[in-house]
Structures are given as structure tokens and as C-alpha cells.
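These are the residues of each chain, in order.
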Amino acid sequence: MDERYEIQIGKVCVLSTKDMLFNFLKPKNELENQGEFAENHPYIPEELWVKCPVCKNAILSSDLVENHKVCPKCNYHFRIAARQRIEMTVDEGTFNEMDAEMTSVNIIDFPDYPRKLRSAKLNSGENESVITGTAEINGEKCVIAVMNSQFMMGSMGTVTGEKITRAFEYATVHSLPVVVFTVSGGARMQEGILSLMQMAKTSGAVKRHSDAGLLYITVLTDPTTGGVTASFAMEGDIILAEPHALIGFAGPRVIEQTIRQKLPKDFQSAEFLLDKGFIDAVVPRNDMKSTLAKLIRLHTESKEEEAETDECV
Ligand SMILES: [Zn+2]
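About the cut-offs
- Residues numbered from 1 in each chain as written.
- Predicted model: local features only at pLDDT ≥ 70, side-chain atom pairs only at ≥ 80, totals over all residues.
- Helix = DSSP H or I, 4+ residues; strand = E, 2+ residues; numbered from the N terminus.
- Contact = placed C-beta atoms within 7 Å.
- Buried ≥ 20, exposed ≤ 12 C-beta atoms within 10 Å, placed from the backbone.
- Axes fitted to C-alpha atoms, helices over the stretch in contact; angles between N-to-C directions.
- Parallel < 35°, antiparallel > 145°, perpendicular 65-115°, else oblique.
- Nonpolar A, V, L, I, M, F, W, Y, C, P; charged D, E, K, R; others polar.
- Pairing = 2+ DSSP bridges.
- Right-handed = clockwise from strand over helix to strand, strands pointing away.
- Expected span 1.5 Å × (residues − 1).
- Core = buried A, V, L, I, M, F, W, Y, C linked by C-beta atoms within 7 Å.
- pLDDT = per-residue confidence, 0-100.

Asker: I would appreciate a short explanation of the overall build of the protein in the present structure.
Answerer: Counting its secondary structure elements, the protein contains 11 helices and 11 strands. At a minimum sequence separation of 6, the contacts of the protein that also span at least 24 residues come to 67%.

As C-alpha cells, this is what we get:
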């Protein structure tokens, strides 16, 4: 049936509820905001409201921002840009970005890659799919790397891998813990085998950081998949995740087609993986900063205590 169906009751034409809402929220033209219509109907700009994709409630944009982009009705965690994530995680004025100018080039001459890079830069306002730097979280010094879903869905190219590797190397030299927020569609196919090599390169840097006895915390956010899951995302000493985040290697449809079996409900959700022991905790966004600070403090304190005990012996 046509979506804009009409119900004829006698001679009176009644529009469906959906149509009435549609007509109210989206005036057909700007002239409708003037004159008689404007007097009787207050104009509500659409950007003032955001519709939650899960509970379908309309949320005031300012309420959503205040609540760290978490739906106050159903706790759905909206995806957020890397800069916003940094802003809500680290102490004000403490973030010092590293390697901000590094940017990808078309190494294997892949068709259309330069155009995609240009549009990703325009979309995200960033040079790459990850932002790295040093910062303090409730006074605890650390190196932080935050991936950006707005830049080619956080895919891992050579520059992404290089920036993460450099962040770990800096942390190793300066004896700092590392916090990485992941969001990724996987390796960047436009860079072929070179993007896959980043899995080994970043893992090597994580290992050297680990061998130095330093703490590494990963926070998996929606979605974390492919080569990132298969490398540094799962190599944290402590692995946290945001509620309902999709975490996996291949997508559920590909797995179902390969193994010819129906997958369990909520397969690849953060809660499912917590239940199976794959991750350590599911932490709501509003508690993330305090949780990270607590974990870093716990490990720094125990290291200091160890050093003091060694001195006494
Ligand atoms: Zn909701």
C-alpha cells in the first residue's frame, strides 16, 4: 500500500498519523514559516531534536550533548567523533597532540583512493583515522590514541599504524601507560598488503611497551572489527568496552554463510563477549573517565610500592 495512503470516511479525508507528523515537522517550503502558519505553529528547527535509533524517542540535542551523547531514555550510546571523545575523557588543557600533520598517500596507486581521502578529510576535519597524544585523566599522565569513525570508518592504513606505533614507542621511552579507544571497519583495502602489515607493526610496539612493565588499556567502541580487532584492540592488559558495542573480526552475515549455522542472539555485542570472558568490563560512557583514572592510579601505585620494596631489600 502507498505510504501516503488516505482513509476515506464518508466525505471527510483523514490523513494517517505518520503524514500528520510529517507535515508538522517538515514544512513543505519556507514560506510556511511566515504569516498565519507561523503564528499558529511554532517553528522547531530539526537540528534541535535527535531521534534515538533504538527507543525512537526524540531527544533535545543539548540534553544529548550534556549526557555525553548517551540516550537518557534507553542508554543507547551514539557514535561520537574522536575530538569529542578526547574532550570528554582527558582533563581540560592537558592534551598535546602528536604527529598531527601525518597523512596518507596513494602508495599502491589504487583507483579513486585520493578522492576518498580528500572526502574523508573534509567529512572528519582530520588528517587520519586516529588522533594520538599525551594527556592527563583526572591527573594521571598517559598516552592516548583515539580512532575516528568519521575518517573512512576508522580503517587502518599505513599512517594509522605508524601513529599508533609512535604513540607506544613514546610511552615506552617515557614510562607512561597507554589508553586506546578503538573504532574501526578493519584494514584499509586501498593500501593492500601494506595495511595488513600494520597489524604486525603495532603488535610489535605493544609488546615492547608490555616488556617494559607498562600498562595498556583498550576501550572498544562501536564498531571494532577486522584487522584492528585482530591486533592492538585485543592486546590490552585490560580490555574495556562501551555498552552494546559491536566487536568482532568478520561480520555476522559472512560467518553465517561460512559455517552455515545460525548465530546466537547478541553475537559480537560487548555484553556477549563479556559473558564469554573475551573482555574485562562493559563501562558506560559517563563512568569511563573515572574508571580509566582509577585503573591507571592502581597500577602506578603498585609499581611505586614495588620500587620502594626493592629499595628496602
Ligand atoms: Zn533511546
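After that view, the rundown keeps rolling.
Asker: What is the right way to look at unusual backbone geometry in this model?
Answerer: Note: most peptide bonds trans; most residues except glycine with negative phi. Here the amide bond leading from Asp 222 into Pro 223 is cis, since omega sits at -10°, within 30 degrees of zero. By the secondary structure assignment, Pro 223 is in strand 9 (residues 216–224). The phi torsion at Asp 109 lies on the positive side, around 55°, for a residue other than glycine. If you trace the backbone, Asp 109 turns up in the loop between strand 5 (96–98) and helix 5 (113–124). Look at Asp 109 and you get exposed, because 7 C-beta atoms sit within 10 Å. Not every positive phi belongs to a glycine, and Met 153 is a case in point at roughly 50°.

Asker: Sorry, what's going on with the packing of helix 6 (residues 158–173) against helix 7 (residues 192–211) here?
Answerer: Each pair of packed helices gets described by two things: the angle between the helix axes and the distance between those axes. Close contact between helix 6 and helix 7 brings their axes to 9 Å; oriented N to C, the two are set at 5°. Between helix 6 and helix 7, the angle falls in the class roughly parallel. Where helix 6 approaches helix 7, its residues Thr 158, Thr 160, Gly 161, Ile 164, Thr 165, Phe 168, Glu 169, Ala 171 and Thr 172 are matched on the opposing element by Leu 194, Ser 195, Gln 198, Lys 201, Thr 202, Ala 205, Val 206, Arg 208 and His 209. The residue makeup of the contact of helix 6 with helix 7, split by class, is six nonpolar, nine polar and three charged.

Asker: What exactly am I supposed to notice about the sheet that holds strand 9 here?
Answerer: Adjacent strands of a sheet pair through backbone hydrogen bonds, lying either parallel or antiparallel. The seven strands are arranged 5-6-7-8-9-10-11 in an open sheet whose pairing can be described as mixed. The open sheet has two edge strands with one neighbour each: strand 5 and strand 11 (281–282). In the sheet, strand 6 (residues 130–137) pairs with strand 7 (residues 140–147) via eight bridges, with the strands oriented antiparallel. When the bridges of strand 7 are listed, Ala 135 appears paired with Cys 142.

Asker: Sorry, what's going on with the pairing of strand 9 here?
Answerer: The side chains of a regular strand alternate, residue by residue, between the two faces of the sheet. Here strand 9 lies mainly inside the structure; nine of its nine residues are buried. Bridging between strand 8 (residues 178–184) and strand 9 involves six bridges; their strand directions are parallel. By the bridge assignment for strand 9, Ser 184 is matched with Thr 224. Taking the sense of rotation as the criterion, the β-α-β connection linking strand 8, helix 7 and strand 9 turns out right-handed. Where strand 9 meets strand 10 (residues 238–241), four bridges bridge the pair, whose relative direction is parallel. For Leu 220, the partnering residue across the bridge sits in strand 10 and is Ala 241.

Asker: Please explain helix 6 as it appears in this structure.
Answerer: Residues spaced three or four apart along an α-helix face the same direction, because each turn holds 3.6 residues. Relative to the 22 Å expected for 16 residues at 1.5 Å per residue, helix 6 spans 22 Å between its end C-alpha atoms, a close match to the ideal helical length. By the burial criterion, the buried members of helix 6 are Val 159, Thr 160, Gly 161, Glu 162, Lys 163, Ile 164, Thr 165, Ala 167, Phe 168 and Ala 171. On its buried face, helix 6 sits against strand 5, strand 6, strand 7, strand 8 and helix 7. At the exit of helix 6 stands Ser 175, carrying a positive phi of roughly 50°.

Asker: Is there a simple way to think about the pairing of strand 6 in this case?
Answerer: In terms of burial, strand 6 is largely enclosed, as six of its eight residues are buried. Across three bridges, the pairing between strand 5 and strand 6 is antiparallel. By the bridge assignment, Glu 97 is partnered in strand 6 with Gly 133. Counting the residues in the hairpin turn of strand 6 and strand 7 gives two residues, including Asn 138, whose phi is positive at 45°.

Asker: I'm lost on helix 9 (residues 252–259) in this one. Help?
Answerer: Here helix 9 lies mainly on the outside; zero of its eight residues are buried. Phi for Arg 260, located one or two positions after helix 9, is positive at around 55°.

Asker: Help me understand the nonpolar core, please; the structure alone is not making it clear to me.
Answerer: One broad rule of soluble globular proteins: the nonpolar side chains tend to lie buried together. Judged by nonpolar contacts, the single largest core of 47 residues is most densely connected at Cys 142, Val 178 and Leu 220. Ranked by the residues each element gives to this core, the list is headed by strand 7, at six residues. Counting five residues, the second-largest nonpolar core is a separate cluster that includes Tyr 113, Ala 120, Phe 151 and Met 152.

Asker: I'm lost on the confidence of the model for the protein in this one. Help?
Answerer: Do not read the fine detail of predicted coordinates wherever pLDDT is low. Averaged over all residues, the pLDDT of the protein equals 87, while 83% of them reach at least 70. The low-confidence segment residues 1–38, where pLDDT is below 50, has 15 contacts with residues more than four positions distant or belonging to other chains.

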